[in-house]
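Letter by letter, the chains look like this.
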Amino acid sequence: MDITSAVHTLTESANTHFILIGAIMVLAMHAGFAFLEVGTVRHKNQVNALVKIMTDFGISAVAYFFIGYYIAYGGHFLNGAAELTSANGYELVKFFFLMTFAAAIPAIVSGGIAERARFYPMLIASGLIVAFVYPFFEGLIWNGNFGFQAWLENQFGASFHDFAGSVVVHAVGGWIALAAVLLLGARTGRYRNGRVVAFAPSNIPFLALGAWILTVGWFGFNVMSAQTLDGISGLVAVNSLMAMVGGILVSMLLGRKDPGFIHNGPLAGLVAVCAGSDLMHPVGALITGGVAGAIFVYLFEWAQAKIERLDDVLGVWPLHGVCGVWGAIACGIFGQETLGGLGGVSLMSQIIGSVAGVIVAFAGGLIVYGAIKTISGLRLTEEEEFNGADLSIHRIGANAVE
């Protein structure tokens, strides 16, 4: 083996190892989704929260392996293992990494529909979303499908920039969740005489644990989105950090020290910085995260108080849906060279790309969840909801009663 071949082999194996670490870190984030939901829902729905995240991940992996990845990238893995191991199996591990992103969509939706959704209808919906709706937009943006990105570049000088998925993953998940939440309707007893009735979180430590797991894993989500070792940038890591702390501080101030807002604040900041984390100056990232924290606090309180059908348990529409859109727009602002960014981004392309993501996600969510609602129904009976999803669906509670 000559030196050139040895270097090539080392590069391929290093890239495979790099993206594998990212895939594992994003896989670990799903534990964060689970515990964030477990801590937020009432005690009688904790088991259901855990089971949904695990089973949604399983159905997502199968749906993305056989259908979703092909729709997004035109590739498949129905070849012999000898062919799949080329380049140290890099394409396989890339699929693993991107699949963990795809599986985040039903994990996001799960937090919005908590405490009143039927099990199998929602699991089927998750499979359809990951097989068809999400990869359609993913391929549009990250693989240049249907010439959408080329058109934006031709018209506005730059394509839609979404480095780690502010819109492709988070906004899409949040707007799909909005469709599901509206079709489901509010939890029984949530509104009385036109006023919202507080359902207190069951376990603040679990909620905080979920937030911490997500924030740690997010550095794999963002940094490893480079997908190869030569593309890694410390700018992405520090921008992620600054947006995270911006979200924490603003949500602390505006949320009046409420632990629910404080622990969702860093997530809002991280959602928003995904798009431009490779372009912004750290000060721009701090501002982006701070604005996202404010958006989450204000929009969560407004939606809960003013729109009775919008009973979004974890606030996934403001957190992922709206903060994701803000992040793409912020990328078009703070990514400009005049504001300390690296440039090569168009604000108009960012706006149009974001609107396209919202339309695909909300329409796709309405079609999938609307069809399942018509065929089989989406929510538990009033008695099942009163007893809790744990006993009604899984026949066991979170803690043994002695």
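Structure shown above.
Residues numbered from 1 in each chain as written. Predicted model: local features only at pLDDT ≥ 70, side-chain atom pairs only at ≥ 80, totals over all residues. Heavy atoms only, no water.

1. Points about the overall build of the protein chain
Link 1 in the chain: In terms of regular secondary structure, the protein chain is built from 15 helices and 2 strands.
Link 2 in the chain: The C-alpha radius of gyration of the protein chain comes to 21 Å, within 12% of the 21 Å expected for a compact globule of 402 residues.
Link 3 in the chain: Principal axes of the C-alpha set define a box for the protein chain whose edges measure 70 × 50 × 40 Å.
Link 4 in the chain: The burial tally for the protein chain puts 56% of its 402 residues in the buried class.
Link 5 in the chain: Residue pairs in contact within the protein chain that sit at least 24 positions apart in sequence constitute 81% of those at least 6 positions apart.
Link 6 in the chain: Counting every atom, the protein chain has about 16400 Å² of accessible surface; 68% of that belongs to carbon and sulfur.
Link 7 in the chain: The average position of the 17 basic charges and that of the 24 acidic charges among the side chains of the protein chain differ by 17 Å. (Helix = DSSP H or I, 4+ residues; strand = E, 2+ residues; numbered from the N terminus. Rg over C-alpha atoms; globule rule 2.2 N^0.38 Å. Buried < 20%, exposed > 50% of the residue type's maximum accessible area, 1.4 Å probe, protein only. Contact = heavy atoms within 4.5 Å. Areas by Shrake-Rupley, 256 points an atom, 1.4 Å probe, with all protein chains shown as cover. Lys, Arg positive; Asp, Glu negative; His and termini not counted. Charge placed at Lys NZ, Arg CZ, Asp CG, Glu CD.)

2. Section: empty space enclosed by the protein
Link 1 in the chain: Scanning the entire structure with this criterion turns up 2 cavities of 30 Å³ or more.
Link 2 in the chain: Around the largest cavity, the lining is made up of 16 residues, and of these Lys52, Asp56, Phe119, Met122 and Leu123 lie nearest the centre.
Link 3 in the chain: At the level of elements, α2 (46–73), α4 (90–112) and α5 (119–142) are the ones that each hand at least two residues to the lining of the largest cavity.
Link 4 in the chain: Per-class residue counts for the lining of the largest cavity are 9 nonpolar, 4 polar and 3 charged.
Link 5 in the chain: When its volume is computed, the second largest cavity comes out at roughly 50 Å³.
Link 6 in the chain: Forming the boundary of the second largest cavity are Phe33, Leu36, Glu37, Ala107, Ile108, Gly111, Leu314, Val316, Leu319 and His320.
Link 7 in the chain: Residues that form the lining of the second largest cavity fall into these classes: 7 nonpolar, 2 polar and 1 charged. (1 Å grid on protein atoms, 1.4 Å probe; cavity = no way out; pocket = protein on both sides within 12 Å on 5 of 7 lines; lining within 4 Å. Points joined across faces, edges and corners; volume = space filled by probe spheres on them. Nonpolar A, V, L, I, M, F, W, Y, C, P; charged D, E, K, R; others polar.)

3. What about helix α7 (residues 166–184)?
Link 1 in the chain: In this model, α7 (19 residues) spans 26 Å end to end at C-alpha, consistent with the 27 Å of a helix rising 1.5 Å per residue.
Link 2 in the chain: For α7, a buried count of 18 out of 19 residues is recorded, marking the element as mostly surrounded by other parts of the structure.
Link 3 in the chain: Backbone geometry just after α7 places glycine 185 at a positive phi near 85°. (Expected span 1.5 Å × (residues − 1).)

4. A word on the layout of surface pockets
Link 1 in the chain: Estimated volume of the largest pocket: approximately 620 Å³.
Link 2 in the chain: Along the walls of the largest pocket sit 26 residues, with Arg190, Phe199, Pro201, Asp258 and Phe300 positioned nearest its centre.
Link 3 in the chain: Only α1 (3–40), α8 (204–223), α10 (259–273) and α11 (282–306) provide two or more residues apiece to the lining of the largest pocket.
Link 4 in the chain: Split by residue class, the lining of the largest pocket holds 15 nonpolar, 4 polar and 7 charged.

5. Re the nonpolar core
Link 1 in the chain: Of all hydrophobic cores here, the largest spans 117 residues; its most connected members are Tyr64, Tyr134, Phe137, Ile176, Trp218, Phe221 and Tyr369.
Link 2 in the chain: The leading source of residues in this core is α4, at 14 residues.
Link 3 in the chain: If we ignore the near neighbours within four places in the chain, the residues touching tyrosine 369 are Val109, Met122, Ala125, Ile129, Ile176, Ala180, Leu183 and Leu378. (Core = buried A, V, L, I, M, F, W, Y, C linked by side-chain atoms within 4.5 Å.)

6. Focus on helix α6 (residues 148–156)
Link 1 in the chain: When we look at burial in α6, the residues that qualify are Phe148, Gln149 and Leu152. All buried residues of α6 lie within an arc of 100° about the axis, which places them on one face of the element. What points out from α6, more than 90 degrees from its buried face, is the exposed set Ala150 and Asn154.
Link 2 in the chain: Where α6 is buried, its residues touch α5 and α13 (347–375).
Link 3 in the chain: Looking one or two places after α6, you find glycine 157, whose phi comes out positive at around 85°. (Arc of directions from axis to C-beta.)

7. Looking at the side chain of threonine 40
Link 1 in the chain: Inspection of the secondary structure puts threonine 40 in helix α1.
Link 2 in the chain: There is a polar contact of 2.7 Å between the side chain of threonine 40 and the backbone oxygen of leucine 36.
Link 3 in the chain: Residues in contact with threonine 40, not counting those within four places in the same chain, are Ala200, Pro201, Ser202, Leu207, Val313 and Leu314. (Polar contact = N/O pair within 3.5 Å; in protein donor to acceptor, adjacent residues only side chain to side chain.)

8. Side note on the pattern of salt bridges
Link 1 in the chain: Across all of its chains, the model carries 7 salt bridges by this definition.
Link 2 in the chain: Where glutamate 115 meets arginine 187, a salt bridge forms, and the shortest distance between an N and an O atom there is 2.5 Å. One end of the pair, glutamate 115, is in the loop between α4 and α5; the other, arginine 187, is in the loop between α7 and β1 (191–192), with 72 residues separating them in the sequence.
Link 3 in the chain: Among the residues examined, glutamate 115 registers a relative accessible area of 2% and is labelled buried.
Link 4 in the chain: The buried category is assigned to arginine 187, whose relative accessible area is 5%.
Link 5 in the chain: Between arginine 187 and aspartate 311 there is a salt bridge, with its nearest N and O atoms 2.7 Å apart. Linking arginine 187 in the loop between α7 and β1 with aspartate 311 in the loop between α11 and α12 (316–334), this pair joins segments that are 124 residues apart in sequence. Each member of the pair, arginine 187 together with aspartate 311, is buried. (Salt bridge = Lys/Arg side-chain N within 4 Å of Asp/Glu carboxyl O.)

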